[in-house]
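# A look at the structure
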Amino acid sequence: MDGHELLLEVRLLGGAAVLHAGEALDLPKSRKTLALLSYLILCERPIRRDRLCAMLWETADDPRAALRWSLSKIRGIANAGGRERLVTNGQDVSFDASQCVVDWFELRAAASRNFTGEPPGTLERWAEGIENGLLAGYDLPDCVQYQNWLTALRHEAQSLLPTLQRLVGRPSTALSLPERPAVAVLPFDNMSNNADDEYFADGLTEDLITALSLWKSFPVIARNSSFTYKGKSVRVEQVGVELGARYILEGSVRRAGDQVRVNAKLLDAETGHHLWAEKLTRALDDIFRIQDEITTRVAGEIAPELHHAEWNRVASKRTSDLTAWDFYIRGMEHFHREDCETNRRARAMFESATEHDPDYADAWAHLAWTHIRDIDLRCTDNRARSLEQAFELSRNAIDLDSASSVAHLVLGTAHIWNEELDLGLAAAYRALDLNPNFALAAMAVGNRLDLVGDTRAGIEQMEASLRLNPRDPHRWHYMGFLSRAYSVEGDHETGLGWAKKALLIRPDDPDLLFRLSLCLANLDRVEEAEQALRECERLEPGLCARRASWAPYHDAARNQKLFAGLHRHSLLRALPAS
């Protein structure tokens, strides 16, 4: 058989083209269909149909039908020459590239050899292809997982361009690598004696890559790049240079008896320093549930750690020539401090970020959030104007990126302040659907379920958010909401416990002291309730009087139940006027 007839040439640098026996094949006009073809080729492994649907057709009425249609369009291309390359087996789809020449694979293999022995013409063609863009014209901004995968590939390609240009003697025209930090997840080591446990370690790594890609603040290096290091002992500094990644997540899995132990750590690829580490041990009663739980836990904790690490890095810069990312990170550091002055500083940083990059959706979303924070912290004399700004800016963020979980969360919070609870809950659900690892979105869903009357479900969701990220800087908020929810359910002891936990983190927060007084009064611990109210009044004169008319629930009976203890003991009558 003529080997030439079997070969399929796939060109992805500078666009996309598929040739068989030297002749270009007609490609479908649908960008999603071509995105599917390129994804299957480059992944080099079977992909589940439901994952492909979630990646490319999340909003379709019938995503499986859309996937079947696209597969029918690419089958003729994939199977050119009579060889079956597109394999559909039950729930999996794969592309057999063993008889294909793929320019991206050739480029990566040559890079691993430092381009030794490559002819100048090939080097020139690769450099030109990277300059024109890997899969140029195949962006799908509304498909967040696909777009993050494509961004990571382009990031890796850009890291190779300076070397190629130097080798062919051309002046460097390389675009700078994306200013936002890239993260690479190296294959987790299987430390068990049983080689069959390899699937668990690999599956955990792949799920972490997928979960982290939902955080849109930073690109995540694609799986097929990270797995080139499987089984190899390499320095993180080397990996960082080769993949263009600033941060490396690595770890190990050990299965012993009826338990599985996972160690994970985040490292700075520039210095090799450890930034974060976690050890998790779980009973091995349901291996796939355990895998999901570990993935969710690690992904939920990594994002805040990355932001903090980036703040430390940009804070040490002595130049005034800050990028949009640097402004954003500086803004986030101020934003987490939650007082009027730092909120103003955060707003100034987010405004600068949007001036440098008008398409920066998360910067616009956090800019909107500062106006919500003005209302929450009572930093504004014009509540209506602040709310108007929050609506306008969060909707602008969604227009720029409809898959931004942060933007949907902020829009939902604006609806809550506008007393549109159903819309606020719907937006929070959308934020959580877009990123199930977003602890603040999980908390918002739980809080809003409680507000609309489904308190038991709300409590479960809020407690899940705390498990998702037990070190979240906002966790004292969650605890305060849980205190209220348990108290209105009549479980005042548990409500009191959550209020005390919150006060251990923020002992000078007057609102938490008021929530503490609600629980104490409902437990008939009158003297302690009075003491909490006095301390609340000392910290913020007038807050207790304002809170006396607080009605968080639309159901008047639930509000009366919440305040029953304070009314029963007449603790509100002696409060000074605001």
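This is a predicted model, so every value here is computed, not measured. (Residues numbered from 1 in each chain as written. Predicted model: local features only at pLDDT ≥ 70, side-chain atom pairs only at ≥ 80, totals over all residues. Heavy atoms only, no water.)

## Focus on unusual backbone geometry
- Unusually for a residue other than glycine, Asn114 sits at a positive phi of about 60°.
- Among the structural elements, Asn114 can be located in the loop between helix H5 (103-112) and helix H6 (120-132).
- Residue class for Asn114 comes out exposed when judged on its relative accessible area of 61%.
- Despite not being glycine, Arg378 has its phi angle at roughly 55°, a positive value. (Helix = DSSP H or I, 4+ residues; strand = E, 2+ residues; numbered from the N terminus. Buried < 20%, exposed > 50% of the residue type's maximum accessible area, 1.4 Å probe, protein only.)

## Things to note about the packing of aromatic side chains
- Per the stated rule, a full pass over the model turns up eight aromatic pairs.
- Taken together, a centroid distance of 5.9 Å and an interplanar angle of 45° make the contact between Tyr328 and Phe350 tilted. You can see Tyr328 sitting in helix H12 (residues 324-335) and its partner Phe350 sitting in helix H13 (residues 340-356), a full 22 residues away along the chain.
- Judged by its relative accessible area of 0%, Phe350 is buried.
- Of the aromatic side chains, those joined through ring pairs into one cluster are Trp325, Tyr328, Phe335, Phe350, Tyr360 and Trp369. (Phe/Tyr/Trp six-rings, centres within 6.5 Å; stacked < 30°, edge-to-face > 60°.)

## As for empty space enclosed by the protein
- Inspection of every chain in the model, using the stated rule, returns three cavities of 30 Å³ or more.
- Taken as a whole, the second largest cavity holds about 60 Å³ of empty space.
- Residue lining of the second largest cavity: 13 residues in total, with Leu12, Ala16, Leu34, Leu37 and Ser38 positioned closest to the centre.
- Within the residue set of the lining of the second largest cavity, elements represented by two or more residues are strand S1 (8-11), strand S2 (17-20) and helix H2 (31-43).
- No other element matches H2, which puts four residues into the lining of the second largest cavity.
- Split into classes, the residues belonging to the lining of the second largest cavity amount to 11 nonpolar, one polar and one charged. (1 Å grid on protein atoms, 1.4 Å probe; cavity = no way out; pocket = protein on both sides within 12 Å on 5 of 7 lines; lining within 4 Å. Points joined across faces, edges and corners; volume = space filled by probe spheres on them. Nonpolar A, V, L, I, M, F, W, Y, C, P; charged D, E, K, R; others polar.)

## With respect to the state of the cysteines
- All chains considered together, the criterion is met by one disulfide.
- With its sulfur 2.0 Å from that of its partner, Cys340 forms a disulfide with Cys379. Here Cys340 and Cys379 share a disulfide; its torsion about the S-S bond, -85°, makes the bridge left-handed. With Cys340 in helix H13 and Cys379 in the loop between helix H14 (361-376) and helix H15 (383-400), this residue pair connects regions lying 39 residues apart in the sequence.
- Lacking any disulfide linkage, Cys100 is separated from the closest cysteine sulfur, that of Cys43, by 15 Å.
- With no disulfide of its own, Cys519 has Cys536 as its nearest cysteine by sulfur position, at a separation of 14 Å. (Disulfide = S-S within 2.5 Å.)

## Side note on the sheet that holds strand S6 (residues 92-95)
- Strands sit in the order S4-S6-S5 across an open sheet of three strands; the sheet is antiparallel. In this open sheet, the two strands that pair with only one neighbour each are strand S4 (47-48) and strand S5 (86-89).
- Where S4 lies against S6, two bridges are found, and the strand directions are antiparallel. Of the residues in S6, the one forming a bridge with Ile47 is Val93.
- Against the sheet, H2 contacts S4, S5 and S6, and its axis sits at roughly 80° relative to S6. (Pairing = 2+ DSSP bridges. Contact = heavy atoms within 4.5 Å. Axes fitted to C-alpha atoms, helices over the stretch in contact; angles between N-to-C directions.)

## A look at the side chain of His371
- Locating His371 in the fold gives a position in helix H14.
- The exposure class assigned to His371 is buried, which follows from its relative accessible area of 11%.
- Residues in contact with His371, not counting those within four places in the same chain, are Arg347, Ser386, Gln389, Ala390 and Leu393.

## A closer look at the nonpolar core
- Ranked by size, the top nonpolar core spans 115 residues in total, and within it Phe188, Leu249, Tyr328, Phe514 and Leu566 carry the most contacts.
- Per element, the largest residue contribution to this core is nine residues, and it comes from helix H18 (residues 439-451).
- Residues within four places of Phe188 in sequence aside, it is in contact with Ala201, Leu204, Thr205, Leu208, Glu250, Gly251, Ser252, Val253, Val262, Asn263 and Ala264.
- In terms of nonpolar packing, the next biggest core, distinct from the first, is built from 54 residues, Leu71, Val93, Leu123 and Leu134 among them. (Core = buried A, V, L, I, M, F, W, Y, C linked by side-chain atoms within 4.5 Å.)

## A look at the pairing of S1
- Judged by which residues are buried, S1 turns out to be one-sided: Leu8 and Val10 face inward and are buried, whereas Glu9 and Arg11, on the alternate face, are not.
- Relative to S2, S1 runs antiparallel, the two being bridged by four bridges. Counterpart to Val10 in the pairing with S2 is Val18.
- What sits between the antiparallel neighbours S1 and S2 is a turn of five residues, in which Gly14 has the positive phi angle 85°.
- With three bridges joining them, S1 and strand S7 (residues 100-102) adopt parallel strand pairing.

## Description of the environment of Tyr138
- The residue Tyr138 is located in the loop between H6 and helix H7 (144-167) in this model.
- Once the C-alpha coordinates of Tyr138 and Lys32 are considered, the two residues, 106 residues apart in sequence, prove to be 8.1 Å apart.
- Contacts of Tyr138, omitting those with residues within four sequence positions, involve Gly15, Ala16, Arg31, Leu34, Tyr146, Leu150 and Arg154.

## Thoughts on the packing of helix H16 (residues 405-417) against H18
- Running from amino to carboxyl end, H16 crosses H18 at an angle of 25°, the nearest separation of the two axes being 11 Å. Classified by the interaxial angle, the pair formed by H16 and H18 is roughly parallel. The interaxial crossing formed by H16 with H18 has left-handed handedness. Taken together, the residues of H18 that come into contact with H16 (itself represented by Leu409, Gly412, Thr413 and Ile416) are Leu440, Ala441, Ala444 and Arg448. (Parallel < 35°, antiparallel > 145°, perpendicular 65-115°, else oblique. Left-handed = near helix turned anticlockwise from the far one by under 90°.)

## Let's talk about the layout of surface pockets
- If you add up the space inside the largest pocket, you get close to 1,400 Å³.
- Taken together, 44 residues line the largest pocket, and the ones lying closest to its centre are Asp376, Trp417, Phe481, Arg515 and Arg547.
- Secondary-structure elements contributing two or more residues to the lining of the largest pocket are H14, H16, H18, helix H20 (475-488), helix H22 (510-522) and helix H24 (543-547).
- Of the residues that constitute the lining of the largest pocket, the class distribution is 21 nonpolar, seven polar and 16 charged.

## Some points on the side chain of Asn435
- In this fold, Asn435 is placed in the loop between helix H17 (421-434) and H18.
- With residues up to four places along the chain from it excluded, the contact list for Asn435 reads Leu214, Trp215 and Ser405.

## Focus on H13
- For H13, spanning 17 residues, the distance from its first C-alpha to its last is 25 Å, which sits close to the expected 24 Å at 1.5 Å a residue.
- Its buried side turned inward, H13 meets H12 and H14.
- For H13, the side-chain oxygen to backbone nitrogen distance between the N-cap and Glu341 is 3.1 Å, and the N-cap itself is Asp339. (Expected span 1.5 Å × (residues − 1). Polar contact = N/O pair within 3.5 Å; in protein donor to acceptor, adjacent residues only side chain to side chain.)

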